[in-house]
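# Examination of the molecular architecture
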Amino acid sequence: MSQNIQFKDGQLIVPDQPIIPFIEGDGIGKDITEPSQRVINAAVKAAYGDSKKIVWKEVLAGKKAFELTGTYMPDETLEAFQEYLVGIKGPLETPVGDGIRSLNVALRQTLDLYVCLRPIRWFKGVPSPIRYPELVDMHIFRENTEDIYAGIEFMTGTEKAIKFRDFLINEMGVEVIRFPETSSFGVKPVSKEGSVRLIKAAIQYAIARELPSVTIVHKGNIMKFTEGAFKNWGYDLAETEFADHTFTWKQYQQIEKQLGKAEANASMEAAKASGKVIIKDCITDAFLQESLLHPFDHSVIATLNLNGDYVSDQLAAMVGGIGISPGANINYNSGYAIFEATHGTAPNIAGTGKANPGSLILSGAMLLEYLGWYKAAEHVYDAMEHTFSKRKVTSDLFSMMEGATLLSTSDFADEIIRNIH
């Protein structure tokens, strides 16, 4: 009998037949949703027989919702995610430059899904632009509710933009707006509470999974009071709340200054040997280079919203592209979580059978892990790797692989199911 997932005392209570709402999505969303659900269903059955199953419940958003209800995000959809706690979605279209605000952002802000979690790993057989993709194993914690994605913007020429400009110049004494008469404005809020809860989730994740490090990625050398504060709050958190489990780069520098480099290196090695998580930081532009040259030096990444957007896509490209990159939006304090395909709607290939369902399938595996159904999730990962190692792929990867077999969206899902064992 299907039941709702509940959240009590900081823990999910998951029934054997949880109801999981899903949004089909725009464009290729229709193409990838049903095949992805078949893979997830097969993995659950292989792991648990008939004792567990997911009960899928469609809810509407995007173009399909507009056609049926006259609105892009019906109240019933938000209510469903609030009622059932955990859901999954295909890609949703957002107009560029004008029109409706991002539906993805609306979901994240309404449910306060403050963590965008993007695990990045390589599957054997997948083509990669880097020499040793097997060394890439990173888990990105992107702050999901603040930064410039908060949507506080004023278009040039509007009354609000003029009022805001005049306030900056006349009340705040700002003199560095190069072309004030034609400037649009965006506001970048970064709070201590928002930063701490994101970095706390990243550190807890690293400790729970026995991962070696958390890298705080920021542009604090330029944005000192927003991104610089993000870094500082992260170090303060690690050295107070997680003092028994972490060793920070800030502590290393203090030891080096007082006792010398040799003693600092010894302290670092002792911390690693004892299983402590190393907390360090890296400037965003330097990290984009570092992640290419030395990916093995970074494990869990904690970063702000815009940085996380850039970093996620670069790292995904290193291991095969966003077509096979999963993602989740989570509030660890309330239990709310929406898993999602991380790519766009690709309307030019919708209905052609060319779409890769890998991102949504792997996001479904993350959902299984979130439910505590780890055995089923491992079936998905293993079957996906077997499929790639046999060079049976969809069109996006087929063009980059010698001797590959081209499969349609549905056939690719069928091949993964055959490889579940």
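Described in the following lines is the structure provided in the data block.

Quick notes on the rules
Residues numbered from 1 in each chain as written. Predicted model: local features only at pLDDT ≥ 70, side-chain atom pairs only at ≥ 80, totals over all residues. Heavy atoms only, no water. Helix = DSSP H or I, 4+ residues; strand = E, 2+ residues; numbered from the N terminus. Contact = heavy atoms within 4.5 Å. Buried < 20%, exposed > 50% of the residue type's maximum accessible area, 1.4 Å probe, protein only. Pairing = 2+ DSSP bridges. Core = buried A, V, L, I, M, F, W, Y, C linked by side-chain atoms within 4.5 Å. Patch = residues over 30% accessible without salt bridge, like charges linked within 9 Å, V, L, I, M, F, W, Y side chains within 5 Å. Areas by Shrake-Rupley, 256 points an atom, 1.4 Å probe, with all protein chains shown as cover. Salt bridge = Lys/Arg side-chain N within 4 Å of Asp/Glu carboxyl O. Lys, Arg positive; Asp, Glu negative; His and termini not counted. Charge placed at Lys NZ, Arg CZ, Asp CG, Glu CD.

## Here's the deal with the environment of Lys276
Within the secondary structure, Lys276 is located in the loop between helix 9 (261-273) and strand 12 (277-283). A sequence separation of 31 residues divides Lys276 from His245, and the C-alpha atoms of the two residues are 5.0 Å apart. The residues touching Lys276, leaving out its near neighbours within four places in the chain, are Pro212, Ala243, Asp244, His245, Thr246, Phe247 and Ala271.

## Observations concerning the pairing of strand 5 (residues 86-89)
Here strand 5 shows no split at all, with Val86 and Ile88 on one side and Gly87 and Lys89 on the other all buried. The pairing of strand 3 (residues 19-23) with strand 5 spans two bridges and is parallel. Bridge assignment links Phe22 to a residue of strand 5, and that residue is Ile88. Note: strand 5 against strand 15 (residues 337-341), four bridges, orientation parallel. Each residue of the ladder has a partner; that of Gly87, found in strand 15, is Ile338.

## Thoughts on the nonpolar core
Ranked by size, the top nonpolar core spans 93 residues in total, and within it Val86, Phe141, Val214, Phe339, Leu368 and Phe388 carry the most contacts. At nine residues, the largest contribution of residues to this core is made by helix 12 (residues 358-371). Non-local contacts of Phe141, meaning those with residues more than four positions away in its chain, are made with Val115, Cys116, Leu117, Leu198, Ala201, Ala202, Tyr205, Val300, Ile301, Ala302, Thr303 and Tyr332. Core analysis: the second largest hydrophobic core is formed by 14 residues, Val136, Met138, Cys282 and Ile301 among them.

## Remarks on a negative patch on the surface
On the surface, Asp75, Glu76, Glu79 and Glu83 cluster together to form a negatively charged patch. Following the sequence through the fold, Glu79 ends up in helix 3 (residues 75-84). Residue classification places Glu79 among the partly exposed positions, given a relative accessible area of 47%.

## Considerations on unusual backbone geometry
With a phi angle near 70°, Leu85 is a residue other than glycine that sits in the positive phi range. Looking at the element boundaries, Leu85 is found in the loop between helix 3 and strand 5. Take Leu85: its relative accessible area is 9%, and that puts it in the buried class. With a phi angle near 55°, Glu210 is a residue other than glycine that sits in the positive phi range. When you line up the elements, Glu210 lands in the loop between helix 6 (192-208) and strand 10 (213-218). According to the relative accessible area criterion, Glu210 is exposed, its value standing at 73%.

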